[in-house]
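Architecture and fold: a report
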Amino acid sequence: MFLVDWKQVYKKISERREILEKILGEKAVKIGETLIIYDEPIEIRIERERVSFYLDDELAAFIDESGACFIDERVKEEVELWCKALTSLGFKKYRIRR
């Protein structure tokens with residue numbers, strides 16, 4: 001099993017906020033300082049202090065400078081896929097599979 005360095009993932013995503021906003025274009029909405037990506041039933045919020053993952057409008061997981069917190073384990077694989085996508089040079093959108 002591959003171990004994820006969640007602190008590094010958070011750092012990379014934080015450093016790429018402006019780039020991600022440009023790359024995502026219409027696929028994301030910016031509200032205040034928060035960049036929101038909708039991928040039903042997942043919603044990803046790239047905020048100043050953390051990256052939050054919502055499942056059906058409820059906080060399911062987040063990553064920040066301290067690491068990762070999974071409130072709902074069902075999203076763990078999807079969070080890993082999105083984090084991989086958001087930190088890779090060739091950004092590719094992943095869809096959740098139910």
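Up top you'll find the structure we're talking about.
Residues numbered from 1 in each chain as written. Predicted model: local features only at pLDDT ≥ 70, side-chain atom pairs only at ≥ 80, totals over all residues. Heavy atoms only, no water.

1. Brief notes about the nonpolar core
To keep things clear, this is the line we draw: Note on terminology: a nonpolar core comprises buried Ala, Val, Leu, Ile, Met, Phe, Trp, Tyr and Cys residues joined through side-chain atoms within 4.5 Å. The buried label goes to any residue with under 20% of its type's maximum accessible area, the exposed label to any with over 50%, and the partly exposed label to all in between, with areas taken from a 1.4 Å probe on protein chains only. Helix and strand assignments follow DSSP, with helices taken as H or I runs no shorter than four residues and strands as E runs no shorter than two, numbered in order from the N terminus. Note on contacts: a residue pair qualifies if any of its non-hydrogen atoms lie within 4.5 Å across the two residues.
Ranked by internal contacts, the top residues of the largest apolar core, which has 24 residues, are Ile-13, Ile-44 and Ile-46. Within the residue set of this core, elements represented by two or more residues are helix H1 (6-15), helix H2 (17-24), strand S2 (34-39), strand S3 (42-46), strand S4 (51-55), strand S5 (58-64) and helix H3 (76-87). When sequence neighbours within four positions are dropped, the list of residues in contact with Ile-13 reads Leu-20, Ile-46, Val-51, Ile-63, Cys-83, Leu-86 and Thr-87.

2. Regarding the pairing of S4
Note the cut-off: By the convention used here, strands pair only if DSSP detects at least 2 bridges between them.
Of all five residues in S4, five are buried; the element is thus mostly enclosed. On S4, burial covers both faces: Val-51, Phe-53 and Leu-55 on one face and Ser-52 and Tyr-54 on the other are all buried. The antiparallel pairing of S3 with S4 creates a hairpin that spans four residues between the two strands. Two elements, S4 and S5, share five bridges in a ladder whose sense is antiparallel. Opposite Phe-53, over in S5, you have Ala-61 as the bridge partner. Two successive antiparallel strands, S4 and S5, enclose a turn made up of two residues, where Asp-56 displays a positive phi of approximately 50 degrees.

3. Some details on the environment of Arg-16
Rules: Pairs of N or O atoms are called polar contacts if they sit within 3.5 Å, as long as, within protein, a hydrogen donor faces a hydrogen acceptor (for residues adjacent in sequence, only side-chain-to-side-chain pairs).
When you line up the elements, Arg-16 lands in the loop between H1 and H2. Its relative accessible area of 13% is what places Arg-16 among the buried residues. Polar side-chain contacts of Arg-16 include one of 2.9 Å to the backbone oxygen of Ser-88.

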